[in-house]
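Overview (structure and organization)
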Amino acid sequence: MVYFQYGFTTSYGSTTPMQTQNGNTLRPVSANITGLLANRTYHFRIVAHNNGGTSFGADRTFTTLTATGPPVVATNPAILVASFSATLNASLNPHGLTTTVQFQYGTTTNYGSTTPLQTQTGNRYRNISANISGLMANTTFHFRIVATTTAGTRFGGDRTFTTLAPTGPPVSCLVLFTG
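What you are looking at is a predicted structure, and each value in this text was computed from that prediction instead of being measured. (Residues numbered from 1 in each chain as written. Predicted model: local features only at pLDDT ≥ 70, side-chain atom pairs only at ≥ 80, totals over all residues. Heavy atoms only, no water.)

**Observations concerning the nonpolar core**
With 18 residues, the main nonpolar core has Leu88, Phe103, Ile132, Leu135, Phe143, Ile145 and Phe161 as its most contacted residues. Listed by contribution, the elements that provide at least two residues to this core are β6 (72–79), β7 (85–93), β8 (99–106), β11 (126–133) and β12 (140–149). (Core = buried A, V, L, I, M, F, W, Y, C linked by side-chain atoms within 4.5 Å. Buried < 20%, exposed > 50% of the residue type's maximum accessible area, 1.4 Å probe, protein only. Helix = DSSP H or I, 4+ residues; strand = E, 2+ residues; numbered from the N terminus.)

**A few points about the environment of Thr16**
Note on placement: Thr16 falls in the loop between β2 (14–15) and β3 (41–50). For Thr16, a relative accessible area of 6% corresponds to the buried category. In this structure the C-alpha to C-alpha distance between Thr16 and Leu164, which are 148 residues apart in sequence, comes to 46 Å. The contacts of Thr16, once residues within four sequence positions are left out, are Tyr3, Phe4, Tyr6, Ala31 and Ile33. Polar contacts involving the side chain of Thr16 include one to the main-chain amide nitrogen of Phe4, which spans 2.9 Å. (Contact = heavy atoms within 4.5 Å. Polar contact = N/O pair within 3.5 Å; in protein donor to acceptor, adjacent residues only side chain to side chain.)

**Quick notes on the packing of aromatic side chains**
A complete count under the given rule lists six aromatic pairs for this structure. A centroid spacing of 4.9 Å and a plane angle of 35° characterise the contact between Phe8 and Tyr42, whose relative ring orientation is tilted. Placement of Phe8 in the loop between β1 (2–7) and β2 and of Tyr42 in strand β3 is noted, with a sequence separation of 34 residues between them. When its relative accessible area of 37% is taken as the criterion, Phe8 is described as partly exposed. By way of ring pairs, the aromatic residues Phe8, Tyr42, Phe44 and Phe62 are connected into one cluster. Taking NZ or CZ as reference, Arg40 lies 3.9 Å from the ring centre of Phe8, over its face. (Phe/Tyr/Trp six-rings, centres within 6.5 Å; stacked < 30°, edge-to-face > 60°. Lys NZ or Arg CZ within 6 Å of the ring centre and 35° of its normal.)

**Brief notes about the environment of Asn131**
Along the chain, the position of Asn131 falls in strand β11. For Asn131 and Ser85, which are 46 residues apart along the polypeptide, the C-alpha to C-alpha distance reads 7.3 Å. Filtering out sequence-adjacent residues up to four positions away, Asn131 remains in contact with Ala86 and Thr87. Separated by 2.6 Å, the side chains of Asn131 and Thr87 make a polar contact.

**With respect to the layout of surface pockets**
By volume, the largest pocket amounts to about 610 Å³. Along the wall of the largest pocket there are 17 residues; nearest its centre are Leu36, Thr64, Asn93, Asn123 and Arg124. Broken down by class, the residue content of the lining of the largest pocket amounts to eight nonpolar, eight polar and one charged. Its boundaries defined by the atoms lining it, the second largest pocket holds a volume of some 390 Å³. Taken together, 16 residues line the second largest pocket, and the ones lying closest to its centre are Val2, Gln21, Gly23, Ala48 and Asn50. For the lining of the second largest pocket, the secondary structure elements donating two or more residues are β3 and β4 (53–56). (1 Å grid on protein atoms, 1.4 Å probe; cavity = no way out; pocket = protein on both sides within 12 Å on 5 of 7 lines; lining within 4 Å. Points joined across faces, edges and corners; volume = space filled by probe spheres on them. Nonpolar A, V, L, I, M, F, W, Y, C, P; charged D, E, K, R; others polar.)

**Observations regarding the sheet that holds β11**
The sheet built from three strands is open, its strands ordered β6-β7-β11 with antiparallel pairing. Each edge of the open sheet is held by one strand with a lone partner, namely β6 and β11. Sheet twist, expressed as the mean angle between neighbouring strand axes with direction ignored, is 25°. Judged from the eight bridges that link them, β7 and β11 form a sheet pairing that is antiparallel. Residue Ala86 lies in a different strand from β11, and its bridge partner there is Ile132. (Pairing = 2+ DSSP bridges. Axes fitted to C-alpha atoms, helices over the stretch in contact; angles between N-to-C directions.)

**Some remarks on unusual backbone geometry**
Even without a glycine there, the phi angle at Asn39 is positive, about 55°. For Asn39, the location among the structural elements is in the loop between β2 and β3.

Next up, the structure:
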């Protein structure tokens, strides 16, 4: 049986539901927790119990975000990449403030093009996407998310994708001259 203890001190005070694990290999274990207070440092550790006894993991800490503040962003991989179009993706937490979001994209990290602005609100992570078209085939593009609130602007990390080569037979044209 495996679970996590967490709280404001190393006395913890709260636990996650128990999870059953079997086998003889190391594996990642995680648990989602909710109802945390803003801008607080929490201690946590993993606890494992079997017929041989109980083992406690090392104490670790994390600090929750303030109730409002600059947005939190991450640029995610592009999907549906075709010869002349793609869908750009990112994650955003508006962090309690009205946030305008757009993607910058181009063939260099100078970008040069942007998607239309989107407005997001709230304090939970959500996926953001934008479809772009009119791209050059067989070309590498850079992109990143940009999110702005009254508390500041945040830029996601740079990512790249390469459009596909054009497909199909060549297009020919027959021109007739009459004299």
